[in-house]
Amino acid sequence: MQREAFFDNAKVLLIFFVVFGHVIQPLTLDSDPIQVLYHWVYFFHMPAFILLSGFFAKGIGSKSYISKLFKKLIVPYILFHILYTGYYLLLGMDGWQTTFIYPRWSLWFLLSLFCWHLLLIIFKKLPPLLSMSTAVGIAVAIGYIDWVGHTLSLSRTFVFFPFFLLGYWLTKDQLLKVKTKTVKTISIVVMSIVAIGLVIAPPFANEWLLASHSYQALGFPVLGGGFRLGVFVVATLMIVSILAWVPTKHNIFTHIGEKTLYVYLLHGIFIQFFRQTELLKVSNFFDMIGLVIISFAIVLVLASKPVRMVAQPLVEGRFTMLRERFQSSPKYKTSNTST
């Protein structure tokens, strides 16, 4: 089946924002403008990624689906948990002793993605409106349970599940309706209002957008549910606004859309090194442009064939690229000819 350029282009744009968001995160403590930019990005980049993941989850239900999903998500989760544990130790970082029940940094997504597919088995049997309202209700209610947090990515699993479920229920035609001129015009207004709102609003904790803490931990044990609903509304508007500007035609970067999992799993090698060494600083506008370039360079490097060839056994559990490379080498061909 021919891949849709729109979806691959969307994944390329979103994976860039994932990397960029992680690049600038340590700099938010010393700069209000960067903090605003960070929150602006975090309102949509993971929710949009999760929505697209749900859109492509329509094949769930076959007998082998769960076992394939386990190999695709849980096995890499374990392997990369071990890899990053060793990397943290090598860098001298705290917290390298973390066990498997506490997902390392961005690895929470693999664990939650596996759980979202399992939840979908139940929720897809309900009418769309009922399933969505139930998922949102659970997402809001889960914040009132103090012990639900980072462990096994439980909080994020339930809080972000409505976006995954929404993606599942959306059809291709419905999703592409964001490409109208009217939506594009409104999207500019929405993105501008959100940016202005973040500038004038009182400071708030990043954890409201990371969805990994209870309302009690965030200091709003009663009103937290209302705030979460507000985040959902803004996130949904931002998703529509960003997707409205995603190109629908193939370009020189579209192919990266097939390789975003590599970028997602491997970019922590760069990010944690930058954070530990404190190499990245911003003192002017040109420094920020430099961070944009660095972020995109990371995406290009990690999506490149040499990197994927080496990382494929960890990411996909396959050696096809290494095998093809070995079989195409002159020495291999000479050896086969001589036998």
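Residues numbered from 1 in each chain as written. Predicted model: local features only at pLDDT ≥ 70, side-chain atom pairs only at ≥ 80, totals over all residues. Heavy atoms only, no water.

Engineer: Before we move on, could you go through helix α13 (residues 285-302) and cite the residues and values that matter?
Structural biologist: Because each turn of an α-helix spans 3.6 residues, side chains separated by three or four positions in sequence point in the same direction. Relative to the 26 Å expected for 18 residues at 1.5 Å per residue, α13 spans 26 Å between its end C-alpha atoms, a close match to the ideal helical length. Residues of α13 that are buried include every one of Met 288, Leu 291, Ser 295, Ile 298, Val 299 and Leu 302, and no others. Buried residues along α13 cover an arc of 100 degrees about the axis, so they all sit on one side. Opposite its buried face, α13 presents the exposed residues Phe 285, Phe 286 and Ile 293, each directed more than 90 degrees away. Looking at the packing, one finds that the buried side of α13 touches α1 (5-24), α2 (32-42), α12 (260-277) and α14 (305-315). Put simply, Asn 284 is the residue that caps the front of α13, since its side-chain oxygen is 3.0 Å from the backbone nitrogen of Phe 286. (Helix = DSSP H or I, 4+ residues; strand = E, 2+ residues; numbered from the N terminus. Expected span 1.5 Å × (residues − 1). Buried < 20%, exposed > 50% of the residue type's maximum accessible area, 1.4 Å probe, protein only. Arc of directions from axis to C-beta. Contact = heavy atoms within 4.5 Å. Polar contact = N/O pair within 3.5 Å; in protein donor to acceptor, adjacent residues only side chain to side chain.)

Engineer: Can you break down the pattern of salt bridges residue by residue, with the values?
Structural biologist: By the definition in use, this model includes 2 salt bridges. A salt bridge links Glu 4 to Lys 172, with the nearest nitrogen and oxygen atoms 2.4 Å apart. With Glu 4 in the segment before α1 and Lys 172 in helix α8 (residues 172-175), this pair connects stretches of sequence that are 168 residues apart. The exposure class assigned to Glu 4 is partly exposed, which follows from its relative accessible area of 34%. A relative accessible area of 34% means that Lys 172 is categorised as partly exposed. With a closest N to O distance of 2.5 Å, Glu 316 and Arg 318 form a salt bridge. We classify Arg 318 as partly exposed; its relative accessible area is 40%. (Salt bridge = Lys/Arg side-chain N within 4 Å of Asp/Glu carboxyl O.)

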